[in-house]
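Remarks on the overall topology
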Amino acid sequence: MRLYVYVLEGKDLSVKDSYVKIQVGKHKSKTRILRNTHMPVWNEEFVFSVHDTDEELVVSLFRHDDEPRVFHGSRDLVGRVRITTWSIAAEENHTLPPTWFALEKPKSGKFISEDCGKILLTSSLHGKGHDAVSNQLHYAHSNVNIEDPKELEGSRISSQDIFSSKAPSRKIAEGKHLMKAVASCIERLFNKNEEASRNDDSMEMSSSLSDYEDCMEENPSSCSFEEAIEMMQSRNNGQEMPENLQGGILLDQIYAVPSYDLNAFLFAPDSQFRKDLAELQGTIDVQEGPWIWKSGDTSCLTRVVSYTKAATKLVKTLKATEEQTYIRADGGEFAVLVSVSTPEAPFGNTFKVELLYKIMSGPAQSSGEEASHLVLSWGINFLQNTMMRGMIEGGVRQGLKESFKQFANLLAQNFKTLDSMDLSDKDNVLATLQTEHQSDWDFATEYFWNLTVVSTIVIVLYVLVHILLSEPGKIQGLEFNGLDLPDSIGEIITCGILVIQLERVFNMITHFIQARFQRGSDHGVKAQGDGWILTIALIEGINLASLESTEFSGPYVVFTCNSKTRTSSVQLQTCDPQWNEILEFDAMEEPPSVLDVEVFDFDGPFDQTTSLGHAEINFVTHTSTELADMWFPLEGKLAQSSQSKLHLRIFLDNNNEVETIREYLTKMEKEVGKKFNLRSPHRNSTFQKLFGLPPEEFLISDYTCSLKRKMPLQGRLFLSTRIVGFYANLFGHKTNFFFLWEDIEDIQVLPPTLASVGSPSLVLVLRKGRGLDARHGAKSQDEEGRLKFYFQSFVSFNVASRTIMALWRTRTLTPDQKAQIVEEQEDQDERSIMLEDAGSIMDAEDAGSILDAEGAKMSKIYTAELPINIKSLMEVFDGGKLEHKIMGKSGCLNYATTTWEPVKPDVYERRISYKFNRHVSTFGGDVTCTQQKFLIAKNEGWIVNEVMALHGVPFGNHFRVHFRYQIEKSALAHCTCRCDAYMGITWLKSTMFQQRITQNITEKFTHRLKEIFEFVEREILFTTHQDSSI
């Protein structure tokens, strides 16, 4: 037999933080802890195996203590209720109706009847063999005098007097004697059924169903499924449509089918859709029980379905049992709650997965056809506390996503899907939050309405009234005119208490004012601009950590997206804050990838804030339906220990639609130098389904390439606004993965090798801890834990690498750097061509005039007297070992020069190319230079002019950098020379960052040239010293 115990609620309890322990024999279980209430509502169900009707059901209420202790003694026990199993079996249908039991308080090992509160319980006994002995049970029941539950609620009789076998009642003793005689019969029937179940596995389903049939009405099969639904509609008890479960929404879609037909299609007996879904998912041994009526406070339809799930990446093959119950069936609205039990799964006995199907009438169609709206949400009901809770939730979430993705695709094949994007829903949600937002007066009233403030006001009024009623006393002791000292110890204590209370109230007022200032003006501020607008509705939080056990926290939330932040208000003295605030981010050019959420504890404007938990919300891996209403668990030691969560509703809208995408592609064309075409809706849809991406993701470009692992894998590389994805299909074996642009830390280009078949390789290095879902595509992992992906065999490597670099830089730049570039000036092409070829047309006499004509205002950035001669210093410009050594030390990679060639009489020219390392430039841009040199008059020195072009850096095509090195004899000594360096910038295109870029380049190269010439001086002097010593 199995005993079902339902712990419903309590009232008039003597403690605020409480939980209930249930014990039957040696088996124990307990409810969750409810805080800050004398009337807790648990609504939890427990199941125990019962082998003897003499066993007792013991329900104990305990006080929860946050202070850690090794042992919890009897001082935590508030009260206890004892109920014998045979008394439950003697009830009608073997079900004890909901009954209020008075808790009995323990005292010196015994229990006394004292008012500790009441607890509402109901229980039922189910098992094989009940029908065979129904007559005996009924006879036993007729001899047991059980008081009516309604009378019991108003009485002061203890539960021990009613249900305990020790109660001094002759009728109960007779009933117990009869029940003992019946128990042996029940046990024999059970043993017989157990032996039969061993011989025939098919009996498992029938025995599972019998657990529920005992509380059903006796005539379930006399009507069809359609008639049963109509009967339930006729018995409508006013049950409202339930709220979505806390786990999130798995499916939210509108279908072109009436809601009644969709309900029958999904839940009718022998549904063809269920059979097709089982075949698609590899589910076997499906056994559906009949829909039967479940008796109780409200009648409803229920059935049991058992099956064996196919093995997945997470778990092996396992058996599952579903209990499907109609919560609501009224006209065009249906709600079905499904409780899934998987005891064979890891930690399967500690939880049950719950699914809620809500089928409602959809919006009216222009064609006049009816539509239905299906919303499917999920949640987890933990039967026991476990440290693996986070792991279980993550595994269930991933498994349900994969399963119901197939569910949605199969359902879409049977019914046409309609557009569910209805902005009015978002507007209604936001409008509701505006009305529910708490005003400052309400917040102040709630914050200051406590014992500290009230008692302080009472004491102050009491003292003031006392002063008014008292007459001036005579001067005594050490008193004098103007100084009245306390005359007794009681007066000193009263004054001390008053001072302490006033100090606490003052601190509360100060803390409240600081919190109001901290709130800022982010709530309710509308977004500006056209593009992607992110709207966040911050609803509430639960179980937020508290830094001190004696006080609640003052939490506020900081949201960060694309380097912009929005801050919520501070909710003082609460671990379950209610915000109901709306925060909007200004329009962005491309859809955001991630949203960083962090909860802080407010301690004052000058105190260091403490993080209570953080979360990262990935817009790519969550659908808009999931983001519209979701609970996000917080990470961090404090948050995970408290199981903290935030309730958010997130909306991402494009208010400029296709134009935003066109503008983004135009911007990328300027960066890459390649034309990008807007992809067709069909191509975008195929790309989104390939990687499971949300509908706002759009494809920019794709390239055929090879993924280098142990064995090269030929496939296709997809580039979009937010991800880099790879897909390959080799003889039916599919490989696909993706990661965010923000996950990339570095991009490296490897030269062609024999192993790469003469093709350059592009290496994408991810940040530590990023891209773990794509680790199966990585070739290696370095010592720091960074994944490396190798791509090669591109048809056009230069185009592909340039596009990838440009997209990566765009996603990693700050918002200021992402500002759009203004239109080019009319003569920019001529000026660009002139500067690119400036080295080939400059000569010694008019080089300075060309620089002036181009607007490069030269300024001296370095000057020094060097203790070396001109010939030695000019070796740094001759392309020899010294030059390569110096430039290598200064951060130049792949340094290469051409030989000096005469272009005009006494004028020589050469070309230089190299690349900055990451210490010089975070972008690692390529550099090309053209240098010309000529002698100063009377051969007393050299002048070297240089035009530098930077490639692969932000706004690199907007300007050119000019240098002039003037090296001549010094008047200080014979073997010394004087070196002056000048620099100027010529702007080819206008930009709003012109001043900032000029300042940055000037500071960088001033410091760089100083280092270079210091390296030159040390190397030449060191070489000279070695030569002289030899």
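Higher on the page you've got the structure.
Residues numbered from 1 in each chain as written. Predicted model: local features only at pLDDT ≥ 70, side-chain atom pairs only at ≥ 80, totals over all residues. Heavy atoms only, no water.

Counting its secondary structure elements, the protein contains 25 helices and 43 strands. For the protein, with 1030 residues in total, the buried portion stands at 47%. Taking contacts inside the protein between residues at least 6 apart in sequence as the whole, the part at least 24 apart equals 63%. Just so you have it, the protein exposes about 54,000 Å², and 52% of that area is on carbon and sulfur atoms. (Helix = DSSP H or I, 4+ residues; strand = E, 2+ residues; numbered from the N terminus. Buried < 20%, exposed > 50% of the residue type's maximum accessible area, 1.4 Å probe, protein only. Contact = heavy atoms within 4.5 Å. Areas by Shrake-Rupley, 256 points an atom, 1.4 Å probe, with all protein chains shown as cover.)

This brings us to the sheet that holds strand E27 (residues 645-654). Hydrogen bonding along the main chain pairs the strands of a sheet, whether they run parallel or antiparallel. Across the sheet, 4 strands lie side by side as E23-E20-E27-E26; this open sheet has antiparallel pairing. The open sheet has two free edges, formed respectively by strand E23 (578-588) and strand E26 (630-633), since each of these has just one partner strand. Taking each pair of neighbouring strands and ignoring which way they run, the sheet shows an average axis angle of 30°. In this structure, strand E20 (residues 532-542) lies alongside E23, joined through 7 bridges in antiparallel fashion. Counterpart to Ile536 in the pairing with E23 is Leu583. (Pairing = 2+ DSSP bridges. Axes fitted to C-alpha atoms, helices over the stretch in contact; angles between N-to-C directions.)

So, on to the packing of helix H7 (residues 225-234) against helix H8 (residues 259-267). Taken N-terminus to C-terminus, the directions of H7 and H8 make an angle of 125°; their axes are 12 Å apart at the nearest point. Looking at the two axes, H7 sits oblique to H8. For the pair H7 and H8, the crossing hand works out as right-handed. Touching Phe225, Glu226, Ile229, Glu230 and Gln233 of H7 are Tyr260, Asn263, Ala264 and Phe267, all from H8. A per-class count over the contact of H7 with H8 returns 5 nonpolar, 2 polar and 2 charged. (Parallel < 35°, antiparallel > 145°, perpendicular 65-115°, else oblique. Left-handed = near helix turned anticlockwise from the far one by under 90°. Nonpolar A, V, L, I, M, F, W, Y, C, P; charged D, E, K, R; others polar.)

In this section: the pattern of salt bridges. Across all of its chains, the model carries 24 salt bridges by this definition. Note that Glu697 and Arg722 form a salt bridge whose closest N and O atoms lie 2.5 Å from each other. One end of the pair, Glu697, is in the loop between helix H18 (681-691) and strand E28 (699-708); the other, Arg722, is in the loop between strand E29 (713-720) and strand E30 (723-730), with 25 residues separating them in the sequence. Grouping residues by exposure puts Glu697 and Arg722 together as buried. Among the ionic pairs, Glu1019 bridges to Lys885, the shortest N-O distance being 3.2 Å. Of the two residues, Glu1019 is situated in helix H25 (residues 994-1029) and Lys885 in helix H24 (residues 881-889); the sequence distance between them amounts to 134 residues. (Salt bridge = Lys/Arg side-chain N within 4 Å of Asp/Glu carboxyl O.)

The geometry of helix H17 (residues 658-672) relative to helix H19 (residues 797-812) is characterised by a closest axis approach of 9 Å and an angle of 120° between their N-to-C directions. If you check the angle between H17 and H19, you find them oblique. Between H17 and H19 lies a crossing of right-handed hand. When H17 is examined against H19, the residues Tyr664, Lys667, Met668, Glu671 and Val672 are found in contact with a partner set consisting of Arg802, Thr803, Ala806, Leu807 and Thr810. For the contact of H17 with H19, the per-class residue count stands at 5 nonpolar, 2 polar and 3 charged.

Further remarks concern the side chain of His373. Here His373 is to be found in strand E18 (residues 372-382). One polar contact links His373 to Asp252, side chain to side chain, over a distance of 2.4 Å. His373 has contacts with Asp252, Gln253, Ile254, Lys358, Ile359, Met360, Ser361 and Gly362, leaving out every residue within four places of it along the chain. (Polar contact = N/O pair within 3.5 Å; in protein donor to acceptor, adjacent residues only side chain to side chain.)

Turning next to the sheet that holds strand E4 (residues 41-49). Spatial strand order, E4-E1-E10-E7: 4 strands in an open sheet with antiparallel pairing. Strand pairing shows two members of the sheet lacking a second neighbour, E4 and strand E7 (95-102), which therefore form its edges. Going from strand to strand, the sheet's axes swing by 20° on average, the running direction of each strand aside. Of the pairings in the sheet, the one linking strand E1 (residues 2-11) to E4 comprises 7 bridges and is antiparallel in character. Bridge pairing in E4 places Arg2 opposite Ser49.

Before going further, it helps to spend a moment on H24. Buried within H24 are the following residues: Leu882, Glu883, Ile886 and Met887. Here the buried residues of H24 occupy an arc of 120° about the axis, which is enough to place them on one side. Downstream of H24 by one or two residues, Gly891 has phi in the positive range, about 95°. (Arc of directions from axis to C-beta.)

Our next topic: the nonpolar core. Among the nonpolar cores identified, the biggest contains 49 residues, and Leu866, Leu873, Tyr914 and Met948 are the most heavily contacted of them. Among the elements that line this core, the one with the most residues is H25, at 9 residues. Sequence-distant contacts of Tyr914, defined by excluding residues within four places in its chain, comprise Cys892, Leu893, Asn894, Tyr895, Gly925, Asp926, Val927, Cys929 and Met948. Formed by 46 residues, the second largest nonpolar core is a distinct cluster that contains Phe273, Phe334, Leu400 and Phe404. (Core = buried A, V, L, I, M, F, W, Y, C linked by side-chain atoms within 4.5 Å.)

For H17, spanning 15 residues, the distance from its first C-alpha to its last is 21 Å, which sits close to the expected 21 Å at 1.5 Å a residue. On its buried side, H17 packs onto E20, E27, E28 and H19. In the stretch just after H17, Gly673 is the one whose phi turns positive, near 80°. (Expected span 1.5 Å × (residues − 1).)

To continue, consider the environment of Lys319. By the secondary structure assignment, Lys319 is in strand E15 (residues 318-330). Classification of Lys319 by relative accessible area gives partly exposed; the value is 43%. Sequence spacing of Lys319 and Val286 is 33 residues, and the spatial spacing of their C-alpha atoms is 10.0 Å.

Summed over all chains, the structure comprises 33 aromatic pairs. With centroids separated by 5.5 Å and ring planes inclined at 50°, the aromatic side chains of Phe877 and Tyr965 adopt a geometry described as tilted. Separated by 88 residues along the polypeptide, Phe877 in the loop between helix H23 (870-873) and H24 and Tyr965 in strand E42 (residues 959-969) bring together distant segments of the chain. Taken together, Phe225, Phe265, Phe267, Phe273, Trp291, Tyr326, Tyr357, Phe404, Phe407 and Phe415 form an aromatic cluster joined through their ring pairs. The aromatic ring of Tyr19 is capped on one face by Lys30, whose charged end is 5.4 Å from the ring centroid. (Phe/Tyr/Trp six-rings, centres within 6.5 Å; stacked < 30°, edge-to-face > 60°. Lys NZ or Arg CZ within 6 Å of the ring centre and 35° of its normal.)

This brings us to a nonpolar patch on the surface. Side chains of Ile457, Leu461, Leu464 and Ile467 sit close together on the surface and give an oily, nonpolar patch of about 380 Å² of accessible area. Note on placement: Leu461 falls in helix H13 (residues 451-469). (Patch = residues over 30% accessible without salt bridge, like charges linked within 9 Å, V, L, I, M, F, W, Y side chains within 5 Å.)

With that settled, consider the side chain of Arg1008. On the secondary structure map, Arg1008 appears in helix H25. Within the buried core, Arg1008 has no salt-bridge partner, and the shortest N-O distance to an opposite charge, that of Glu1011, equals 6.1 Å. Here Ser890 takes part through its backbone oxygen, which lies 2.7 Å from a polar atom of the side chain of Arg1008. If we ignore the near neighbours within four places in the chain, the residues touching Arg1008 are Met887, Ser890, Cys892, Phe916 and Val920. (Lys, Arg positive; Asp, Glu negative; His and termini not counted.)

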